[in-house]
Amino acid sequence: MFFYTRYPSSNTLKTYFPDVKFNRCVTSQLIKWFSNFREFFYIQMERFARQAVRDGVIAPREGALRLGRNSELFRILNMHYNKSNDYQVPERFLEVAELALREFFIAIQSGRDTDPCWKKSIYKIICKLDSPIPDSFRLPGCPVDTHRSV
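Attention in this report is confined to the structure presented alongside it.

### A look at the packing of helix 2 (residues 24-54) against helix 3 (residues 72-81)
- Where helix 2 contacts helix 3, the two axes come as close as 11 Å, and the packing angle between them is 165°. Taken together, helix 2 and helix 3 sit at an angle that is classed as roughly antiparallel. As helix 2 runs across helix 3, the sense of the crossing is right-handed. Only Glu72, Leu73, Ile76, Leu77, His80 and Tyr81 of helix 3 make contact with helix 2, whose side of the interface consists of Phe37, Phe40, Phe41, Gln44, Met45, Arg47 and Phe48.
- When grouped by side-chain class, the residues that make up the contact of helix 2 with helix 3 number nine nonpolar, two polar and two charged.

Put into structure tokens, the structure is as follows:
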């Protein structure tokens, strides 16, 4: 689900987890999980952006900031969010992750990371890029074979 939405509302969570009996505590816990998912995502973006700056990358469009399916960053994200590799990672997720990486790179390269609130502008960009979640995620047990392209 994180491949499609990084900022799900409580209503979205209720829609895609119909077997869960929601109360304030459960809703809060699911929202916290997504917060943890985002934190890992942004930590990786910052880590790879800082490495690119250290490696002397000049422009954000250089190959070092491309996020392909064979890249180390993709491997790390896929292993974290898709351990058993049951789901085909949508292209849109790769686009969003690459944009996040470029935004972190530009902010670090320009020295904006000295401001304590420097990441907020990046979060505002990324939160607007959520994609619709496929209806197949609503199915009981969410059969994994419906998401994998063969």
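### Observations regarding unusual backbone geometry
- Within the chain, Asn85 stands out as a residue other than glycine whose phi angle is a positive 55°.
- With respect to the helices and strands, the residue Asn85 is situated in the loop between helix 3 and helix 4 (91-109).

### So, the environment of Asp115
- Of note, Asp115 is situated in the loop between helix 4 and helix 5 (120-127).
- Only 2.9 Å separates the side chain of Asp115 from the backbone nitrogen of Cys117, close enough to count as a polar contact.

### Remarks on the nonpolar core
- With 38 residues, the main nonpolar core has Phe41, Met45, Leu77, Phe93, Phe104 and Ile126 as its most contacted residues.
- Of all elements in the fold, only helix 1 (10-16), helix 2, helix 3, helix 4 and helix 5 reach the threshold of two or more residues within this core.
- A per-element tally of this core places helix 4 first, with 11 residues.

### Some thoughts on the packing of helix 4 against helix 5
- Put simply, helix 4 and helix 5 touch, their axes get as near as 10 Å, and they point 160° apart. It follows from the interaxial angle that helix 4 and helix 5 lie roughly antiparallel. Here helix 4 runs over helix 5; the crossing is right-handed. Counted together, Val96, Leu99, Ala100, Glu103, Phe104 and Ala107 of helix 4 and Ile122, Ile125 and Ile126 of helix 5 form the full contact between these two elements.
- The class makeup of the residues in the contact of helix 4 with helix 5 is eight nonpolar, no polar and one charged.

### A look at the packing of aromatic side chains
- Inspection of every chain in the model, using the stated rule, returns 17 aromatic pairs.
- When the ring of Phe41 is compared with that of Phe93, the centres are 6.0 Å apart and the planes differ by 55°; the resulting orientation is tilted. Pair noted here: Phe41 is in helix 2 and Phe93 is in helix 4, with a separation of 52 residues, a long-range link.
- Ring geometry for Tyr42 and Tyr123: centres 4.5 Å apart, planes at 40°, overall tilted. Taken together, the residues Tyr42 in helix 2 and Tyr123 in helix 5 connect sequence positions 81 residues apart.

The rules behind each value
- Residues numbered from 1 in each chain as written.
- Predicted model: local features only at pLDDT ≥ 70, side-chain atom pairs only at ≥ 80, totals over all residues.
- Heavy atoms only, no water.
- Axes fitted to C-alpha atoms, helices over the stretch in contact; angles between N-to-C directions.
- Helix = DSSP H or I, 4+ residues; strand = E, 2+ residues; numbered from the N terminus.
- Parallel < 35°, antiparallel > 145°, perpendicular 65-115°, else oblique.
- Left-handed = near helix turned anticlockwise from the far one by under 90°.
- Contact = heavy atoms within 4.5 Å.
- Nonpolar A, V, L, I, M, F, W, Y, C, P; charged D, E, K, R; others polar.
- Polar contact = N/O pair within 3.5 Å; in protein donor to acceptor, adjacent residues only side chain to side chain.
- Core = buried A, V, L, I, M, F, W, Y, C linked by side-chain atoms within 4.5 Å.
- Buried < 20%, exposed > 50% of the residue type's maximum accessible area, 1.4 Å probe, protein only.
- Phe/Tyr/Trp six-rings, centres within 6.5 Å; stacked < 30°, edge-to-face > 60°.

Limitation: the analysis is restricted to geometry and does not speak to function.
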